[in-house]
Every structure is written in structure tokens, then in C-alpha cells.
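Descriptive analysis of the structure
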Amino acid sequence: MATINRAFTERHLGAELEFTALSTSGVTVDFTGKDDKTAIIVQNTGSGEGKVTVVAGTGIQGVVDIEIAVPASGFKAIRLDSGEFKQTSGANKGCVILKGATTLKAAVVELVE
């Protein structure tokens, strides 16, 4: 499973984002930082609306997957709660899993002080 690594940005600096194509089998997002300072940016390169699935985490708060629509040729910024979506054990420990068509690409940025 491919992994999307976090980019870091400090105030007034910005960050270069590296977008990775999603897949229906899933890609992992490094989610070991501060969830309230982390944003997942999803780009839809398709001509129709795309849907990204965020897989429920394996902790006590991880209950259901969620599906988020991304407009055709558009972007969506997503902020998640780690308790609901972070994998707490196994090979993907510390990660969030995203699934979607390969026309959806995602990058992750964490805001640091």
C-alpha cells in the first residue's frame, strides 16, 4: 500500500505538496502528528464528481467509514479526528487509510509553530 508523507509548513513559509494517486485498495496517510494541525488535500482530476472513502480507525472511537465528495476538476481540504480514523495496530499503525479512484490524488500538510 502506498504511503502519503506529511509536508510541514511554518507560519508565512508554505510547503511543497506531493500528491499521490488514491486506489480502491487504499493508500496510507502518515497521521502521527497533531490531528488538529493536519489537513489532507484531495484533488479530483476527473471530469465527474469523485468520492474519497476514509476508513474507520481501529481504536475505540473508530466506528464507520466516511465518504467525502470532491467536485470534478476540483479540490477538497479535509481535517480528521485521529481517534475516529487512525489505525492503532498492525502494519498501518499511526496511519489513516484513504480509498478512491485513481483520478483522486491526495497530499498532507501539518502546520507547525
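What comes next concerns the included structure. (Residues numbered from 1 in each chain as written. Predicted model: local features only at pLDDT ≥ 70, side-chain atom pairs only at ≥ 80, totals over all residues. Heavy atoms only, no water.)

Here the focus is the pattern of salt bridges. Counted by the stated rule, this structure contains four salt bridges. A salt bridge links aspartate 30 to arginine 6, with the shortest nitrogen-to-oxygen separation between them at 3.4 Å. Residue aspartate 30 is found in strand E4 (residues 27–30), and its partner arginine 6 is found in strand E2 (residues 6–10); the two are separated by 24 residues along the sequence. Of the two residues, aspartate 30 and arginine 6, neither departs from the other in class, the shared state being buried. Of the charged contacts, one joins lysine 51 and glutamate 67 as a salt bridge, the two residues approaching to 3.9 Å between their closest N and O atoms. With a gap of 16 residues between them, lysine 51 in strand E6 (residues 50–54) and glutamate 67 in strand E7 (residues 66–70) connect regions that are remote in the sequence. For glutamate 67, a relative accessible area of 54% translates into the label exposed. Overlapping salt bridges bring together Arg6, Asp30 and Glu110 as one network. (Salt bridge = Lys/Arg side-chain N within 4 Å of Asp/Glu carboxyl O. Helix = DSSP H or I, 4+ residues; strand = E, 2+ residues; numbered from the N terminus. Buried < 20%, exposed > 50% of the residue type's maximum accessible area, 1.4 Å probe, protein only.)

Right, let's get into the environment of phenylalanine 19. Its location among the elements puts phenylalanine 19 in the loop between E2 and strand E3 (20–21). Overall, the relative accessible area of 29% leaves phenylalanine 19 in the partly exposed class. Spatially, the C-alpha atoms of phenylalanine 19 and isoleucine 4 are 7.8 Å apart, while their sequence positions differ by 15 residues. Once residues lying within four places of it in the same chain are set aside, the contact partners of phenylalanine 19 are Ile41, Gln43, Phe75, Lys105, Ala106 and Ala107. (Contact = heavy atoms within 4.5 Å.)

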